[in-house]
Amino acid sequence: MATINQKNIRNFCIIAHIDHGKSTLADRIIQQTGLLTEREMQAQVLDNMDLERERGITIKAQTVRTVYRAKDGEEYIFNLIDTPGHVDFNYEVSRSLAACDGAILVVDAAQGIEAQTLANVYLALDHDLDVLPVINKIDLPSAEPERVISEIEDVIGIEAQDAPQISAKTGLNVDQVLEQIVERIPSPVGDPKAPLKALIFDSIYDAYKGVIVFCRLREGTVKKGTRIRMMATGAVEEVVEVGYFGAGQFIPCDELSAGMVGYITASIKTISDTRVGDTITDADHPCDEPLPGYKKVNPMVYYGLYPADRAKYQDLRDAPHQLQLNDASLFYEPETSVALGFGFRCGFLGLLHLEIIQERLEREYGLDLITTAPSVIYKVHKTNGEIIDLTNPTNLPDPSEIDYMEEPMVKAEIMVTTEFIGQIMDLCQERRGQYQGMEYMETTRALLKYHLPLNEIIYDFFDALKSRSRGYASFDYEMLGYERSDLVKLDILVNKEEVDALSFIVFAGSAYERGRKMCEKLKEEIPRQLFEIPIQAAVGSKIIARETVRAMRKDVLAKCYGGDISRKKKLLEKQKEGKKRMRQVGNVEIPQKAFMSVLKLDDK
Amino acid sequence: MKELELYIHIPFCIQKCRYCDFLSGPADDASKYRYTKALIREIESLPEGRESIITTVFFGGGTPSVLPGEWTARILETLKKRFSFAADAEITTEANPGTVDKEKLRIWRESGINRISFGCQSSFHEELQMLGRIHTWEDFLESYALARESGFDNINIDLMSGLPGQKLKTWETTLHRAAELKPEHISAYSLIVEEGTPFASMNLDLPDEDTERMMYSRTREILAGYGYGRYEISNYALQGRECRHNIGYWIRTPYIGLGLGASSLFGSTRFTNTADMKEYLRNSAHPDRLRRNIEHLEKKDEIEETMFLGLRLARGIDKRRFEKTFGKTVREIYAPVLDKYIDLGLLKETEEAVFLTEDGISVSNAVMAEFLLDSY
């Protein structure tokens, strides 16, 4: 590869709210710069994780390098870093942004700015990125580009009159975007001769190459044989290969130098050595200080994950380890539950992260999983002065040993159309929100600011928000810190036996309501059995709610001819199979679904 | 000699009932004739079965009584040429009220049929209409009387509980009315709404679970008052008049099913004839070409079937016979299940047998399902 002039490189990302068309625009850019033919587009670019495509979200940062011949006759290298688009992955987003020199802001011409758009734009502006607004989906009948343009100018405060009005779906005016990338996004700077300084913005595990580190070179040069050091983790390795990103493939090259985006392999065995945000330097000629902003991300939400079929524990055992190779933010450790047997306590960045991991375990490893009630990390201050980080409600010390407890709080911003402000404020109120203020975006929309306990939003807050605003509200949050709170452990007893997997920590004032709803829900989920089953919610030794699953009194006494025997047997087998999917707790069979039902209790 | 039972399927009726999911439907005389010919061909093409003795024959349907008497006689005649019949063989035909007359009954008697099972279902006009039955209670009374006059001394009446709109009272009345006629046998089934039947797509006012349970327990009490004993979950008979053909199914006596869609259990193999009429008519001279769903039963299957079928009988599973057949005791295989359900009061075990208690019968499927083995 010939030497590349820094002034012909553009490193940028696309930021957008979910569903505003980020990935579609990315695909279009790749296609229109001629990197791939239309057929290859289908086969390669879109062939990411099924999960990403189905959910319309990006989970891992996707990076691709493509070459664009601009109207000025010159060829430009575009490094497009497609960032994850969800609040759970905020830190990854911030690191991806740090690897860029500019950002394309995609706003849906019909929906306008959403909470997440704002959060991402502010993040981009924090990184001093030039933000290039693009109005997408102008082919929709409900598109109002003029309104959205003034919204961008009023709310975000960036110039948007020249924003390309495009349809990423049809490709309309995407050429304008390409030209503006060349004109308006600055080329990178940095000295190729200086000591190596490169930012890790992602890494993946490959069975053959080991860990592949995605990085942006700020200073210096790296090539095969360079001894590199990760400045935060301290790991030292010799570079085996460097290269850049083709579409869905890695293309080796001789060296990477300041201003470039590419990958490095160095037979690194574990991804935890290559933390996103860390700085890579030359072990022999180190730079004086790392790039700013590194932090170790910590899980915020903990769940127990158990195989639905106890016998499948062995299959589950290796899976989290495999996933962790690609996802350093996933935490797990073995755990045992009386009700569910052997499993894992896993820590996630948030609900989406949990759902993704769970779906990947189920799809890629063919596992059928049960999750326990989610828990945040509570700080339990014991009377003896000890402070425990509690991630599993079952481990709560005896109340007599507890001085007080603290729970994590988040700063939440909710964007909502004005007609639903009342409903959303009610919801926040019910979830113990502390009102912080409200800003009108324009006459029809407002940004509500609340401080909310994290444990109130990890259950079903997002669903509740959507259902109470008919889908119009959007939501973003960041961690705020810990606050003292009156918390109790709510236990569920099925047929007088405590089911540990159903216990959870709850605000004392909500215990009764939650207990009642849990019992009602479980009553629906637990099928009638051959005896009566009381379902009780208890705080300590005090029963606060009760429901009863009536005994099954009669099943069908089928007429059965000789010829029906196979059929009869199939019927019985089905019945037995159904039992297998249930968990035996004492004498009672509890279906898998029942364990999940604790996640969805909002009945508005 | 080994016992063997025969089942003959007649897939015709005058009009399909709304709850019926059996292989049956109305047909013209020519179709019935072609079918009867094919059935006779099937029988004639069977390998000669002289190593077994036929203890029971059952004509089921559909409504076997829609065939002219002579045809039924021909079928039976053909069977007798092919197989050795026990002198006291029980030979039953199902019949619908209103489809028999003196002449047909006479031919049946002469051909050797010695038991009639009448599909009566209810003594109430509205209930019969709702079911889609073609007859009235009066039609039934007339057919029943004719059968008695013709010398039939072994008659079953089929009744149905749990019907849409049925009240405990009307069910009890039907039971009394039927029992007062002193049939030798009464079958009392509860309605099942089967997928694909007209009932499945109707919004039915079915009796609630407690009412249905009450109907079931009242059935036993009322019929006991007339001298009928419950020998199987849904079957009641005067002493010595239990249906031998039916009991054969529950104790896994081998049987051959002849005709469209009929099932067989022979040796360790279960199979079912094709349910496709065209195919049946074309291939009935080659019985092996008719066979579908051929299942080779393993010991595990046989053990499971012995248990869940045997539990339908009031007398339960014969422990000694079980041990003789399988070389292991019931307890050796099923101790945990037995103990669990004995504790719950749903099963009972004696020196000779294992059987469902009254409470156990009510939830028999749940109990039976546990007798399926994960491995053996």
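Right above here is the structure, for reference.
Residues numbered from 1 in each chain as written. Chains lettered and ligands numbered in written order. Predicted model: local features only at pLDDT ≥ 70, side-chain atom pairs only at ≥ 80, totals over all residues. Heavy atoms only, no water.

Trainee: Help me get a handle on the overall build of chain B, residues and values and all.
Mentor: The number of helices and strands found in chain B is 15 helices and 15 strands. Each of the 376 residues in chain B was classed as buried or not, and the buried ones make up 57%. Expressed as a percentage of contacts within chain B between residues at least 6 apart in sequence, the contacts between residues at least 24 apart total 70%. Total accessible area on chain B stands at roughly 15,700 Å², and carbon and sulfur atoms take up 49% of it. (Helix = DSSP H or I, 4+ residues; strand = E, 2+ residues; numbered from the N terminus. Buried < 20%, exposed > 50% of the residue type's maximum accessible area, 1.4 Å probe, protein only. Contact = heavy atoms within 4.5 Å. Areas by Shrake-Rupley, 256 points an atom, 1.4 Å probe, with all protein chains shown as cover.)

Trainee: Can you tell me about the sheet that holds strand E9 (residues 227-230) of chain A, naming the residues and giving the values?
Mentor: Residue and element names in this part refer to chain A. Pairing in this open sheet of eight strands is antiparallel, and the strands run E10-E9-E15-E6-E7-E14-E11-E12 from one edge to the other. Edge positions in the sheet fall to strand E10 (236-238) and strand E12 (250-253), since each of these pairs with one other strand and no more. Averaged over neighbouring strand pairs, the angle between their axes works out to 40° when direction is ignored. Pairing geometry for E9 and E10, over three bridges, is antiparallel. Each bridged residue has a counterpart across the sheet, and for Arg 229 the counterpart in E10 is Val 236. (Pairing = 2+ DSSP bridges. Axes fitted to C-alpha atoms, helices over the stretch in contact; angles between N-to-C directions.)

Trainee: Quick one: what's the story with the pairing of strand E26 (residues 487-494) of chain A, residue by residue and with numbers?
Mentor: Residue and element names in this part refer to chain A. A large share of E26 lies buried, amounting to eight of its eight residues. Burial along E26 is two-sided: the residues Leu 487, Lys 489, Asp 491 and Leu 493 and Val 488, Leu 490, Ile 492 and Val 494 are all buried. Two strands pair when backbone bridges link them, and E26 and strand E28 (residues 504-507) are joined in this way by four bridges, in the antiparallel orientation. Bridged to Lys 489 within E28 is Ile 505. Bridge count between E26 and strand E29 (residues 533-539): five bridges; the pairing is antiparallel. Its bridge partner being in E29, Ile 492 is matched across the sheet by Ala 537.

Trainee: So, the sheet that holds strand E15 (residues 353-356) of chain B: which residues are in play, and what are the values?
Mentor: All names here are of chain B. Reading across the sheet, the three strands line up as E13-E15-E14 and stay open at both edges, with antiparallel pairing between neighbours. Lying at the two open borders of the sheet, with one neighbouring strand each, are strand E13 (317-318) and strand E14 (347-349). Across three bridges, the pairing between E14 and E15 is antiparallel. Note on E15: the bridge partner recorded for Glu 349 is Val 354.

Trainee: Before we move on, could you go through a positive patch on the surface and cite the residues and values that matter?
Mentor: A cluster of basic residues, Lys 37, Arg 41, Arg 74 and Lys 81 of chain B, forms a positive patch on the protein surface. Looking at the element boundaries, Arg 41 of chain B is found in helix H1 (residues 29-45). (Patch = residues over 30% accessible without salt bridge, like charges linked within 9 Å, V, L, I, M, F, W, Y side chains within 5 Å. Salt bridge = Lys/Arg side-chain N within 4 Å of Asp/Glu carboxyl O. Lys, Arg positive; Asp, Glu negative; His and termini not counted. Charge placed at Lys NZ, Arg CZ, Asp CG, Glu CD.)

Trainee: Account for the environment of Ile 185 of chain A, naming residues and giving values.
Mentor: Residues and elements named next belong to chain A. In this structure, Ile 185 sits in the loop between helix H7 (174-184) and strand E6 (197-206). Separated by 81 residues in the primary sequence, Ile 185 and Ile 104 place their C-alpha atoms 9.1 Å from one another. When neighbours within four sequence positions are excluded, Ile 185 is seen to be in contact with Arg 10, Asn 11, Phe 12, Asp 101, Gly 102, Ala 103, Leu 132 and Gln 180.

Trainee: Outline the pattern of salt bridges, supporting the account with residue identities and numerical values.
Mentor: Tallied over the full model, the rule gives 53 salt bridges over all chains. A salt bridge links Asp 88 of chain B to Arg 244 of chain B; the nearest nitrogen and oxygen atoms lie 3.9 Å apart. With Asp 88 of chain B in strand E3 (residues 83-95) and Arg 244 of chain B in helix H8 (residues 244-250), the pair connects residues that are 156 residues apart, well separated along the chain. Taking the relative accessible area as the measure of exposure, Arg 244 of chain B reaches 34% and is therefore partly exposed. In the salt-bridge network here, residues are joined through shared partners; they are Glu 144, Arg 147, Glu 151 and Arg 445 of chain A.

Trainee: Any chance you could break down unusual backbone geometry for me, citing the residues and the numbers?
Mentor: In this structure, the amide linkage connecting Gly 61 of chain B to the following residue, Gly 62 of chain B, adopts the cis form with an omega of 15°. The backbone of Lys 496 of chain A shows a phi angle near 75°, a positive value even though the residue is not glycine. Relative to the assigned elements, Lys 496 of chain A resides in the loop between E26 and strand E27 (497-498). Overall, Lys 496 of chain A belongs to the exposed group, its relative accessible area being 56%. Positioned with a positive phi, Asn 293 of chain B is a non-glycine residue whose angle comes to about 50°. Within the secondary structure layout, Asn 293 of chain B lies in strand E12 (residues 291-296).

Trainee: Please set out the packing of helix H11 (residues 299-310) of chain B against helix H13 (residues 330-343) of chain B residue by residue, giving values where relevant.
Mentor: Residue and element names in this part refer to chain B. Interaxial distance between H11 and H13 falls to 12 Å at its minimum, and their mutual angle equals 60°. Between H11 and H13 lies a crossing whose hand is right-handed. Taken together, the residues of H13 that come into contact with H11 (itself represented by Ile 303, Glu 304 and Met 307) are Val 330, Ile 333 and Tyr 334. Taken together, the residues that form the contact of H11 with H13 break down as five nonpolar, no polar and one charged. (Left-handed = near helix turned anticlockwise from the far one by under 90°. Nonpolar A, V, L, I, M, F, W, Y, C, P; charged D, E, K, R; others polar.)

Trainee: Quick rundown of helix H3 (residues 102-111) of chain B? Include the residues and the values.
Mentor: Residue and element names in this part refer to chain B. Of all the residues in H3, the buried ones are Lys 104, Leu 105, Ile 107, Trp 108 and Ser 111. On an axial view of H3, the arc spanned by its buried residues comes to 160°, and they lie on one face. Exposed positions of H3 whose direction lies more than 90 degrees from the buried face are Lys 102 and Glu 110. Those residues of H3 that are buried lie in contact with helix H2 (69-82), E3, strand E4 (115-121) and helix H5 (137-149). (Arc of directions from axis to C-beta.)

Trainee: I'd like to hear about H1 of chain B, residue by residue, with values.
Mentor: Residues and elements named next belong to chain B. The end-to-end C-alpha separation of H1 is 24 Å, in line with the 24 Å expected for 17 residues at 1.5 Å each. All of the buried residues along H1 are Lys 32, Tyr 35, Thr 36, Ala 38, Leu 39, Ile 40, Glu 42 and Ile 43. Elements that come into contact with the buried residues of H1 comprise strand E1 (2-10), H2, strand E9 (255-258), strand E11 (269-273), helix H9 (277-283) and helix H10 (287-290). (Expected span 1.5 Å × (residues − 1).)

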